[in-house]
Amino acid sequence: MKVLKFGGSSVGNAENIEKVVEIVTSEIKKNSCAVVLSAMQGTTDALIETGKLAESGDESFRQKINEIEAKHFEAISTLFPTSAQKDLLDSVEKRIGELEKICEGVFLLHELSPRTLDRIVGYGEILLTNIIAAKFDSLGIENVWKDTRELIITDSNFGFATVNFEKTNSQIRDSFKNSSAKLHILPGFIAADINGATTTLGRGGSDYTAAILAAALDAEVLEIWTDVSGMMTADPRFVRNVREIRRISYREAMELSHFGAKVIYPPTIQPVMTKGIPVWVKNTFAPTDFGTLIEAETSPEKKIIRGISSIDKISVLNLEGSGMVGIPGFSKRLFDALSRANINVILITQSSSEHSICVAIEDKFGNLAKESVDKEFEYEISVGKIEPLRVENGFSILALVGDNMKEHTGVSGKMFATLGSQGINIHAIAQGSSERNISAIINSKDVRKAVNTLHEEFFSDGNKQVNVFIVGVGTVGKKLIEQIRLQNEFLRKNLRLNVRVVGLAKSRNKIFDEAGIKLSNAENLLENAPLMNMSEFTDLILEKNLRNSIFVDVTANAEVVEVYPKLLQKSVSIIACNKIAASSAYAKYQQLKDLSREFGTAFLFETNVGAGLPIINTLNDLIRSGDEIKRIEAVLSGTLNFVFNNYDGSRLFSSVVRQAQDEGYTEPDPRLDLSGTDVARKILILAREAGFKLEMPDIENKGFLPESCLQGSVEDFYSEMEKHESYFRDLFETARGENLSLKYIASFDNGKASVGLQSISKEHNFANLSGKDNAVLFYTNRYADLPLVVKGAGAGADVTAAGVFADIIRAARI
């Protein structure tokens, strides 16, 4: 004997019912079968709504009943030829008539008792099983329809009745013993009390019905047919790359189903576990898939974690007070109060000081729990021994489940470290002595991120998903996008990084795609994107709350910098090509560094100095390894180096500057480069990274531009330079006359910094810098005589984008 149970989605319409019939027909050729069926998909919800509409005096309950009838009539018209439909239609019409009379009574009385609701919702299974029994009759397959209300006896706790197994097992065995049929059709979900009143076994109770039958009949196997191919390592609504669990133990399955795994109803396991009957979860729409086999012992493969599950809509109850310490009975009274109010406790944790007890319940019982518990401890609250019960909402329970956790150390540490790295705060923790389950209460908005993060940690093939948001799609931004597109496969294969650009922002146009933006078409997508300001884009990032999020700022916009703190506080890494943050007021710079450390996330800005050159990283390595910076000399402007390397008096100074801008070496406003402001920012950043507390006004800027060149617009700037061409030519000729060359040099020595144009000899370290090159000389305790030199291209979209990309990879690997 096999027991097969088919859920609502498996019998949701005539097409699906045909699949069920095909599966059962194939099975009864080999085995006797008891087939348990749920109502057609959506019918139970529709029946509940019907009852509530009638109770509220809303006459539309009649329309709802008509819709339920029409749904079943439609299935009959598809499944049966017209000549075979009349008797069945009459039968359905009769049942619908009974339902309508009950609802009319509810409508008149404006009262819907739990007993009446159970009677109403039971019609879904009865209607459907009669149709399917008739379908087998039409195929010439002998079958017996059995009313489970005559077999399963319960108490009168309507809505969630408790089974009397002694009477139930006897009824089931006697009924089947007297039947010679190979196929029995039974409605799930419904039962009856000793007075014959219809009861129900809780939502999802059809699984339980099947398990009760399987245990009573000592079935060979219980098969649960649903719309997925077994249990998964996590909820596929949250995790894209979930894995099927082929084999799992009874206790692991119970833990996963208790903590939110929807494939199987939690009480289902107990009856079959007692008898050692395996449960096989199969897919009605892919019947050849293996599915999940639930049994006493799993296969030899020693997986530490079997699955990750979660329960939403949780309230946390906190009972605390100094009067609880050392006094026995407080816990008992708390749970007695909740029990009297019929409130189920999902999770319990207590501090070792006995000062507080924390329990988790369904949030719909939060107010009732407070009322019941405060009444129980009314005296203790009045004299100040304990505080009134505190109810906190908006939580979920996250559970890590696996029989083999007890044999491996460090699983809980790994779990909490992984959650912490993503900025996910743990409100409470519970772990049973069996070490089969580690549970944590977290904010509901973090559930998706938490499940994905833990799944990646415990189940992935080593690949890490990185979600990137890029703000600024100018010259450098476009190069960065192209580099990510071209390098993605390499990163996946060699670094196990799946870098996915999920957000792009340009001016006021911003796009988001959690599945990843198609980078080859990013520019067109962005042009047609909706308007969204920076604050709204930031809110979207925080709302999506994706794991391993990295925010990349490729702008020179102060407004963008303002959102850095909010992002860092939510463990979103910041990669800043934008120099404003690191060169702003020291207190703001330090705040960002502190937030990065506090929330364990990256704040990187390598390209603030020297484009893609590893200048800041080299400096940080020196400091971290115990060296001390004594002096820095540097050419830090690729723009100025390009200009003075290419200006020889044969053409206008302004035309050389314009060439530098056209080739992408300058800031959007070239005056930032030529005024020395950009270089001053860079030496300021290096001094700060070296451990010195400097502000921008502390940098001595020996500018060379005439004051009039700094006024007006960018075009005014070019016009003024043309007017002062003789001045620029004099600078050049004077230096050349002394066999010297012009370089704009930044220096830092003994806590003081300066920038300015200098005439240097051919023997100088910077004399041979060509084109747009930068060079930095670090004089330290270890490099006292001969400095450590970092030299190379210090401007250009390609190298700057490459530097930003390197920071992204660095942040992703933290």
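These numbers come from a predicted model, not from an experiment.

Further remarks concern the overall build of the protein. Helix and strand counts for the protein stand at 30 helices and 29 strands. Scaling as 2.2 N^0.38, a compact globule of 814 residues should have a C-alpha radius of gyration of about 28 Å, whereas the protein reaches 36 Å, well beyond that. In terms of overall dimensions, the protein has a C-alpha envelope of 120 × 70 × 55 Å along the principal axes. Looking at the 814 residues of the protein, the share that counts as buried comes to 54%.

Now for the packing of helix H3 (residues 61–79) against helix H4 (residues 86–109). Closest axis-to-axis distance for the H3/H4 pair is 10 Å, and the angle between their directions is 165 degrees. Classed by the angle they form, the pair H3 and H4 counts as roughly antiparallel. The handedness of the crossing between H3 and H4 comes out as right-handed. Contact residues: H3 offers Phe-61, Arg-62, Ile-65, Ile-68, Glu-69, His-72, Phe-73 and Ile-76, while H4 offers Leu-88, Leu-89, Val-92, Glu-93, Ile-96, Leu-99, Glu-100, Cys-103, Glu-104 and Phe-107. Of the residues in the contact of H3 with H4, the class split is 12 nonpolar, one polar and five charged.

Now for the pairing of strand E20 (residues 509–512). Two strands pair when backbone bridges link them, and strand E19 (residues 497–506) and E20 are joined in this way by four bridges, in the antiparallel orientation. Across the sheet, Gly-503 pairs through a bridge with Phe-512, a residue of E20. If you look at the hairpin formed by E19 and E20, you'll find two residues sitting between the two strands, and Ser-507 has a positive phi there, around 55 degrees.

Moving on: the nonpolar core. Ranked by internal contacts, the top residues of the largest apolar core, which has 79 residues, are Phe-551, Tyr-564, Phe-653, Ile-683 and Phe-778. The dominant element in this core, judged by the number of residues it contributes, is helix H27 (residues 677–689), at seven residues. With near-sequence residues (within four places) excluded, Phe-653 lies in contact with Val-643, Phe-644, Tyr-647, Leu-674, Phe-704, Met-721, Glu-725 and Phe-728. Residues Val-24, Ala-54, Phe-61 and Ile-68 belong to the second largest nonpolar core, which totals 52 residues.

All right, on to the packing of helix H2 (residues 43–55) against H3 then. Packing of H2 against H3 brings their axes to within 8 Å, and their N-to-C directions diverge by 160 degrees. With respect to H3, the element H2 is oriented roughly antiparallel. Along this stretch, H2 crosses H3, giving a crossing that reads as left-handed. Of H3, the residues touching H2 (which contributes Thr-43, Ala-46, Leu-47, Glu-49, Thr-50, Leu-53 and Ala-54) are Phe-61, Lys-64, Ile-65, Ile-68, Lys-71 and His-72. Here the residues of the contact of H2 with H3 are counted per class, giving seven nonpolar, three polar and three charged.

How each quantity is defined
Residues numbered from 1 in each chain as written. Predicted model: local features only at pLDDT ≥ 70, side-chain atom pairs only at ≥ 80, totals over all residues. Heavy atoms only, no water. Helix = DSSP H or I, 4+ residues; strand = E, 2+ residues; numbered from the N terminus. Rg over C-alpha atoms; globule rule 2.2 N^0.38 Å. Buried < 20%, exposed > 50% of the residue type's maximum accessible area, 1.4 Å probe, protein only. Axes fitted to C-alpha atoms, helices over the stretch in contact; angles between N-to-C directions. Parallel < 35°, antiparallel > 145°, perpendicular 65-115°, else oblique. Left-handed = near helix turned anticlockwise from the far one by under 90°. Contact = heavy atoms within 4.5 Å. Nonpolar A, V, L, I, M, F, W, Y, C, P; charged D, E, K, R; others polar. Pairing = 2+ DSSP bridges. Core = buried A, V, L, I, M, F, W, Y, C linked by side-chain atoms within 4.5 Å.

These values are about where atoms sit, not about what they do.
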